[in-house]
Amino acid sequence: MVHTELPLILVVNGPNLNLLGTREPEKYGHETLADVAARVTRAAEAEGVQVEFVQSNHEGEIVEAIHSARGRASGIVLNAGAYTHTSVAIRDAVVAAQVLMVEVHITNVHAREAFRHHSYLSDVAAAVIAGAGTLGYEFALQYLARRA
């Protein structure tokens, strides 16, 4: 029997997402990041892919996580948090990784403060999911898995 490794989807979460479930639950809900990871892991199993999760409040660590996908992952689910609106470095890392990326936002950033309306990531994303709550992670995973 030949063993073939399942395609890998990297799920990267940026600053403050470690506080999911307790940070502004009226906007972000009550699910923790661990709850989201468990649900996405179940969805990955159903889609026949594996997932790896990274969360960091530090821009450089996010850049390094994205770099780690190059040649290793078939896709990246990226919720860069506030770095979405400020980080050219994260955008450049996505381009350098040469891996399909889906940008995810739990809230509808276009219905929020004006500074959240601009993304440095959207133009290099294969898809953008905003405002679907934490279900957006599952949608992104399904999209990438079906393109793997």
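Reading guide: rules and limits
- Residues numbered from 1 in each chain as written.
- Predicted model: local features only at pLDDT ≥ 70, side-chain atom pairs only at ≥ 80, totals over all residues.
- Heavy atoms only, no water.
- Helix = DSSP H or I, 4+ residues; strand = E, 2+ residues; numbered from the N terminus.
- Rg over C-alpha atoms; globule rule 2.2 N^0.38 Å.
- Buried < 20%, exposed > 50% of the residue type's maximum accessible area, 1.4 Å probe, protein only.
- Pairing = 2+ DSSP bridges.
- Axes fitted to C-alpha atoms, helices over the stretch in contact; angles between N-to-C directions.
- Contact = heavy atoms within 4.5 Å.

Caption draft 1: Molecular detail of the overall build of the protein. Helices and strands together make up the secondary structure of the protein, namely five helices and five strands. Beginning at the N terminus, the succession of helices and strands in the protein can be written as β-α-α-β-α-β-α-β-β-α. Taken over the C-alpha trace, the protein has a radius of gyration of 14 Å; the compact-globule value for 148 residues is 15 Å, and the two agree within 12%. Counting all 148 residues of the protein, 44% fall into the buried class.

Caption draft 2: Quick look at the sheet that holds strand β2 (residues 50-55). In space, the five strands of this open sheet follow the order β2-β1-β3-β4-β5, with parallel pairing throughout. A strand with exactly one partner marks an edge of an open sheet, and here the two such strands are β2 and β5 (127-130). On average, each strand axis in the sheet is inclined to that of its neighbour by 20°, with strand direction left out of account. Two strands pair when backbone bridges link them, and strand β4 (residues 100-105) and β5 are joined in this way by four bridges, in the parallel orientation. Looking at β5, one finds that H105 is bridged to A130. Relative to the sheet, helix α2 (residues 33-47) contacts β1 (8-13) and β2, its axis offset from that of β2 by approximately 160°.

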